[in-house]
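# Architecture and fold: a report
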Amino acid sequence: MTTGAGQGQRQESLHPNHYGQLALGTCLGLHLTGTPTNHRCTNTPGEGPRAMRLGPASTN
């Protein structure tokens, strides 16, 4: 997160970087090829996008 002091910083403060884009693409692919139920993507830190799996959605 940034302070929002510079032009565009507020809009770009949560924009995913290269690795975030890879993770989003992997998660979307898992959702599209999985069963049509409520899921969430899970991963172990440091494992990379290939280790992502679909898990049950939180019921909070």
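Residues numbered from 1 in each chain as written. Predicted model: local features only at pLDDT ≥ 70, side-chain atom pairs only at ≥ 80, totals over all residues. Heavy atoms only, no water.

### With respect to the environment of C41
Its location among the elements puts C41 in strand β1 (residues 39–42). It is 9.2 Å that separates the C-alpha atoms of C41 and A23, two residues lying 18 residues apart in sequence. Among all residues touching C41, those that are not within four sequence positions of it are C27, H31, M52, R53 and L54. (Helix = DSSP H or I, 4+ residues; strand = E, 2+ residues; numbered from the N terminus. Contact = heavy atoms within 4.5 Å.)

### Thoughts on the confidence of the model for the chain
Across the chain, the average pLDDT comes to 79, with 75% of residues at or above 70. Mean pLDDT across the secondary structure elements of the chain bottoms out at helix α1 (residues 9–12), with 59, and peaks at helix α2 (residues 18–33), with 89. (pLDDT = per-residue confidence, 0-100.)

### As for the state of the cysteines
Tallied over the full model, the rule gives one disulfide. Between the sulfur atoms of C27 and its disulfide partner C41 the distance amounts to 1.9 Å. Here C27 and C41 share a disulfide; its torsion about the S-S bond, 100°, makes the bridge right-handed. Of this pair, C27 sits in helix α2 while C41 sits in strand β1, placing them 14 residues apart in sequence. (Disulfide = S-S within 2.5 Å.)

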